[in-house]
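# Structural overview for review
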Amino acid sequence: MVHLYWGDGKGKTTAAMGLALRALGRGRRVVIVQFLKDGSSGEIEPLRRLGAAVYACPNAKFTWLMNDAERAQARENATAALRTALTQPWDLLILDEACAAWQNDLVDRDLLRETVARAQTQSEVVLTGRNPADWMQDAADYSTEMRACKHPYTKGVSAREGIEY
């Protein structure tokens, strides 16, 4: 089954990590790939301690600030992380920020599509991000849009440790 948590609202990664926690609590094997993230957000270390395998793809810049060399390096890092993650057995595979990785061509697109296609009735793949590609929507068995109705950031309030990151 394919889960898609998408939109401009808060909670996409949080929902995915909550599913990881639920799966780990039932003895499931969880593998997480965080595209465009360094693996330092608050939920990652506890999930690791509970047995999740986590692969991060550090990126020092927003995608729109990257030059061609940085973009190529980010793509190489993300593809390598995904390939390595796929060597692990999993019941739940979370591809956090897969939408952005796809939209910005920062991962091998064929590999990402093949990975999502692997989801069988006994395994789950989760995709998160703002703007999913049409094929992601088509592949999704679950599609949940997180829509921002109100957010402190619009009033200049920065993200708070332990809440937003």
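Residues numbered from 1 in each chain as written. Predicted model: local features only at pLDDT ≥ 70, side-chain atom pairs only at ≥ 80, totals over all residues. Heavy atoms only, no water.

### So, the overall build of the protein
Operational definition: Numbering of helices and strands starts at the N terminus; helices are DSSP runs of H or I of at least 4 residues and strands are runs of E of at least 2. Relative accessibility under 20% of the residue-type maximum defines a buried residue, over 50% an exposed one, and the middle range a partly exposed one, all with a 1.4 Å probe and only protein chains included. When checking whether two residues touch, look at their non-hydrogen atoms; a contact exists if any pair is within 4.5 Å. Using a 1.4 Å probe, accessible areas were evaluated by the Shrake-Rupley method; residue-level cover was limited to the displayed protein chains.
A tally of helices and strands in the protein yields 6 helices and 6 strands. Helices and strands in the protein line up, N terminus first, as β-α-β-α-β-α-β-α-α-β-α-β. Each principal axis of the C-alpha distribution contributes one length, and for the protein these read about 45 × 35 × 30 Å. The 165 residues of the protein split such that 44% are buried. Nonlocal contacts in the protein, meaning residues at least 24 apart in sequence, comprise 73% of its contacts between residues at least 6 apart. Of the accessible surface of the protein, which amounts to about 9,400 Å², a share of 48% is contributed by carbon and sulfur atoms.

### With respect to the environment of Val-31
Structurally, Val-31 can be placed in strand E2 (residues 30-34). Classification of Val-31 by relative accessible area gives buried; the value is 1%. Separated by 17 residues in sequence, Val-31 and Arg-48 have C-alpha atoms that sit 9.6 Å apart. For Val-31, the residues in contact, after removing those within four places along its chain, are Ala-53, Tyr-55, Ala-85, Gln-88, Pro-89, Trp-90, Leu-92, Leu-93 and Ile-94.

### Some thoughts on the sheet that holds strand E3 (residues 53-56)
Paired through their backbone hydrogen bonds, the strands of a sheet run either parallel or antiparallel. Note the following rule: Whether two strands pair depends on DSSP finding at least two bridges between them. Working convention: axes come from line fits to C-alpha atoms, limited for helices to the stretch in contact. Angles between N-to-C directions cover 0 to 180 degrees.
The 6 strands are arranged E3-E2-E4-E5-E1-E6 in an open sheet whose pairing can be described as parallel. Edge positions in the open sheet fall to E3 and strand E6 (142-145), since each of these has one partner strand only. Here the average twist between neighbouring strands, direction ignored, is 10°. Sheet contacts for helix H5 (residues 109-117): strand E1 (2-6), strand E4 (92-96) and strand E5 (124-129); angle to E4, the most-contacted strand, approximately 145°.

### Considerations on the packing of aromatic side chains
Operational definition: Under the pairing criterion, centres of Phe, Tyr and Trp rings, with the six-membered ring standing for Trp, must be within 6.5 Å; the plane angle then separates stacked pairs below 30 degrees from edge-to-face pairs above 60, leaving the rest tilted. Two conditions define a charge sitting above a ring: the NZ of Lys or the CZ of Arg must be within 6 Å of the ring centre, and it must be within 35 degrees of the ring normal.
Across all of its chains, the model carries 2 aromatic pairs by this definition. In this arrangement the basic side chain of Arg-109 is found over the ring face of Trp-102, its NZ or CZ atom lying 4.5 Å from the centre.

### Some words on empty space enclosed by the protein
Selection criterion: The pocket and cavity definitions rest on a 1 Å grid over protein atoms only: a 1.4 Å probe that fits but cannot leave marks a cavity, an open set with protein on both sides within 12 Å along at least five of seven lines marks a pocket, and residues lining either have an atom within 4 Å of a point. Grid points are joined across faces, edges and corners, and a volume is the space filled by probe spheres set on the points. Residue type decides the class: Asp, Glu, Lys and Arg count as charged, Ala, Val, Leu, Ile, Met, Phe, Trp, Tyr, Cys and Pro as nonpolar, and the leftover types, Gly among them, as polar.
One pass over the full model with this rule turns up 1 cavity of 30 Å³ or more. As a volume, the largest cavity reaches approximately 40 Å³. Along the walls of the largest cavity sit Phe-35, Leu-36, Cys-57, Pro-58, Ala-74, Arg-75, Ala-78, Ala-101 and Leu-106, which together make up its complete lining. Ranked by the residues each element gives to the lining of the largest cavity, the list is headed by helix H3 (residues 68-85), at 3 residues. A class-by-class count of the residues in the lining of the largest cavity yields 8 nonpolar, no polar and 1 charged.

### Here we look at the layout of surface pockets
For the second largest pocket, the calculated volume is near 210 Å³. As for the second largest pocket, its lining consists of Leu-19, Arg-22, Ala-23, Arg-26, Arg-28, Asp-91, Leu-92, Gln-122, Ser-123 and Glu-124. The element contributing the most residues to the lining of the second largest pocket is helix H1 (residues 12-25), with 3 residues. Residues of the lining of the second largest pocket, tallied by class, amount to 3 nonpolar, 2 polar and 5 charged.

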